Amino acid sequence: YKNPHYAPGRSVNVHLFEWKWDDIATECENFLGPRGFGGIQISPPNENVVLWTYNRPWWERYQPMSYLLDTRSGDEAQFADMLRRCNSAGVRIYVDAVINHMTGEPPENVGTAGSTATFSQWDYPAVPFTWEHFNWPHCVIDGMDYVNDAWRVRNCELVGLKDLNQANEHVRNMIVNFMNHLIDLGVAGFRIDAAKHMWPHDLEIIYNRLNNLNTAHGFPANARPYIYQEVIDYGGEAISRDEYTPIGAVTEFKVGMELSRAFRGNNQLKWLESWGPQWGLLEHSDALTFIDNHDNERGHGGGGAMLTYKEPRPYKGAIAFLLAHPYGEPQIMSSFAFHDSEIGPPMNHLGQIISPSINSDGSCGNGWVCQHRWRQVFAMVAFRNVAGNTGLNDWWSNGFNQIAFCRGGNAFVAFNNDSWDLNQNLQTCLPAGRYCDVISGVKAGNTCTGKTVTVGNDGRAIINVGALDYDMMLAIHIGTESRL
Ligand code: ARE
Ligand code: CA
């Protein structure tokens, strides 16, 4: 369950938060496929309650009404078409699976597929679930439970969301049928929403009943779905991420916390020499890593002061480090712009999502941030693909906030988060030649619109990253985007 089954030569998952299936299919063909992205985390594809009372917030999608595949992102036919097109483009799809609970008791009770429920009776006829499929006695998690009561965190309601009993055979069957339907349609795996709130033993039984990935979509025979479980664990809670690593991968929230701290200038970059489990992080093969996610970029889920698109310079530095370093299975957030942390995606007066537009420079419009289309981000995806499974070597630091390292003999990156220039003769590990820095520009024919780096026969080169440069990093590699 810990292999994302990316197509060969690919890496990096991108969360296309609240995107429509048709738009994702087009993005796979036009951008993500050609640029070497490995996969996409999509928003929950199953029916959720419609909340006009709150002007259709993004979080209505975390309130399931049924497992019908019909949401603001599209219907089942569009979902299936997206899977065919993205898998053909070499890009995998991972579903955000909301299986801990159904809705709360919202003021409205019609779902995106038209289903209704009687919340006061725990009755969801479109699944169907009734009161006997939920955890009793009724209780709601309070803040202290996270510290000292694992049972309540798993058997009481998360923010009032009706808590399913995954020990119940009917509940297991409904969940397994839902997930197997998605696997058969071609998905490569799942983000398990609120995994902390379910018993690992019940989850293990559910995972073991999942089908192998669909070979008609290009997966190898006997491939198991990739499973990454959302467990927020900064330490000091009754429930540990370590309870979940035996059954699948786990979201490593400490990565965003530590890299945000460092790239904001509150911890020296030199310490990153030991980045990985020595920092108290999960083992490499257990960790899904990211800077920000859809919750903490807007102060939900406990927040955590993560860097987001609102602080672009240090944010891009942190993402570049995340992607350049071999540790973990990285995921990039791709957001819509917001001031109000509850507001939903760009939408018209009917509540329909407005598609991102693509500007002439390749960036997105219509209110979409599209971090994955920022040059500094997609260039580092290519960097990671070129680095492949090489290790980290030739670490250098100035003893403060200037660092550099190689990935085997394939790729080199340098960062400067000091208030003075980096201007050094460094070992790049690359073959002699001229390279285009993929951060400050792009290769255009035989020239480079950004910085050019000349590597000598000894692999060394003069590296310049000015304190006032637009970006704090420089990256070169042996791929075609960088070699002049
Ligand atoms: C909404 C309203 C609530 C209302 C509820 C029910 O905001 O006021 O009571 O509906 O009517 C998202 C939003 C929620 C939203 C929910 C349903 O963030 O605000 O509630 O959708 O619409 C904990 C969990 C973790 C969870 C975070 C948010 O452990 O799993 O809380 N994250 C996932 C998703 C969220 C989603 C849900 C779960 C629910 O990523 O987007 O909620 O499906 C410490 C603990 C953490 C804890 C954190 C916050 O850090 O360690 O475990 O996270 O505090 O309590
Ligand atoms: Ca639960």
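Criteria and thresholds
- Residues numbered from 1 in each chain as written.
- Chains lettered and ligands numbered in written order.
- Predicted model: local features only at pLDDT ≥ 70, side-chain atom pairs only at ≥ 80, totals over all residues.
- Heavy atoms only, no water.
- Phe/Tyr/Trp six-rings, centres within 6.5 Å; stacked < 30°, edge-to-face > 60°.
- Helix = DSSP H or I, 4+ residues; strand = E, 2+ residues; numbered from the N terminus.
- Buried < 20%, exposed > 50% of the residue type's maximum accessible area, 1.4 Å probe, protein only.
- Donors = N, O, S within 2.8 Å, 3.2 Å for Na, K, Ca; no water.
- Near = heavy atom within 4 Å.
- Polar contact = N/O pair within 3.5 Å; in protein donor to acceptor, adjacent residues only side chain to side chain.
- Areas by Shrake-Rupley, 256 points an atom, 1.4 Å probe, with all protein chains shown as cover.
- Nonpolar A, V, L, I, M, F, W, Y, C, P; charged D, E, K, R; others polar.
- Pairing = 2+ DSSP bridges.
- Axes fitted to C-alpha atoms, helices over the stretch in contact; angles between N-to-C directions.
- Contact = heavy atoms within 4.5 Å.
- Parallel < 35°, antiparallel > 145°, perpendicular 65-115°, else oblique.

Q: Looking at this model, I keep getting lost on the packing of aromatic side chains. Mind explaining?
A: To describe a pair of aromatic rings, you give the distance between the ring centres and the angle between the ring planes. Under the criterion given, the structure shown has 33 aromatic pairs. Ring centres of F17 and F336 lie 5.3 Å apart, and the angle between their planes is 10°; on these two criteria the pair is classed as stacked. Within this pair, whereas F17 is found in the loop between β1 (11-16) and α1 (21-32), its partner F336 is found in the loop between β8 (329-334) and β9 (357-358), the two being separated by 319 residues in sequence. An angle of 20° between the planes, with centres 4.6 Å apart, marks the rings of Y67 and F178 as stacked. Separated by 111 residues along the polypeptide, Y67 in the loop between β2 (37-42) and α2 (76-88) and F178 in helix α5 (residues 169-185) bring together distant segments of the chain. Comparing Y67 with F178 shows no difference in burial state: the two are buried. Ring pairing ties together the aromatic residues F263, W275, W279, F321, Y327, W395, F405 and F415, which thus form one cluster.

Q: Looking at this structure, I do not really get the coordination of the calcium ion (ligand 2). What am I missing?
A: Think of it this way: four donors in a tetrahedron around the metal ideally sit 109.5 degrees apart, and six in an octahedron ideally sit 90 or 180 degrees apart. Within the protein, the atoms that donate to the calcium ion (ligand 2) are N100 (OD1), R154 (O), D163 (OD), D163 (OD) and H197 (O), at distances of 2.4 to 2.6 Å. All donors of the calcium ion (ligand 2) come from a single chain, and their spacing in sequence reads N-x53-R-x8-D-x33-H. Both residues of the pair, R154 and D163, belong to the buried class.

Q: Sorry, what's going on with the site of ligand 1 here?
A: Taken together, 22 residues surround ligand 1, and among them W59, K196, H197, E237 and D295 come closest. Separating an oxygen atom of ligand 1 from a backbone N or O atom of V159 is a distance of 2.8 Å. In this structure, R191 approaches ligand 1 through a side-chain N or O atom, which is 2.9 Å from an oxygen atom. For ligand 1, whose unbound accessible area comes to 940 Å², protein coverage reaches 79%. Of the residues that constitute the shell around ligand 1, the class distribution is nine nonpolar, seven polar and six charged.

Q: Mind showing me how you'd approach the sheet that holds strand β20 (residues 473-477) here?
A: Reading across the sheet, the four strands line up as β11-β12-β13-β20 and stay open at both edges, with antiparallel pairing between neighbours. Here the strands that pair on one side only, and so sit at the sheet edges, are β11 (392-397) and β20. Strand after strand, the sheet turns through a mean of 10° between neighbouring axes, direction not considered. Where strand β12 (residues 402-407) meets strand β13 (residues 411-416), six bridges bridge the pair, whose relative direction is antiparallel. Of the residues in β13, the one forming a bridge with R407 is A411. Its contacts with the sheet place helix α9 (residues 375-387) against β12, β13 and β20, and it is angled at close to 40° to β20.

Q: Please explain the packing of helix α8 (residues 312-324) against α9 as it appears in this structure.
A: A pair of packed helices is characterised by two quantities: the angle between their axes and the separation of those axes. In the contact formed by α8 and α9, the axes pass within 9 Å of each other and the chain directions differ by 10°. Taken together, the axes of α8 and α9 lie roughly parallel to each other. In this structure, α8 uses K316, I319, A320, L322, L323 and A324 to contact α9, whose residues at the interface are Q376, V377, M380, V381, F383 and R384. Grouping the amino acids of the contact of α8 with α9 by side-chain chemistry returns nine nonpolar, one polar and two charged.

Q: Sorry if this is basic, but what is going on with helix α7 (residues 253-266) here?
A: Every α-helix winds through 3.6 residues per turn, so residues three or four apart in the chain are directed the same way. Within α7 the residues assigned to the buried category are F253, K254, V255, G256, E258, L259, S260, A262 and F263. Capping the start of α7, E252 holds a side-chain oxygen 3.0 Å from the backbone nitrogen of K254, two or three residues further along.

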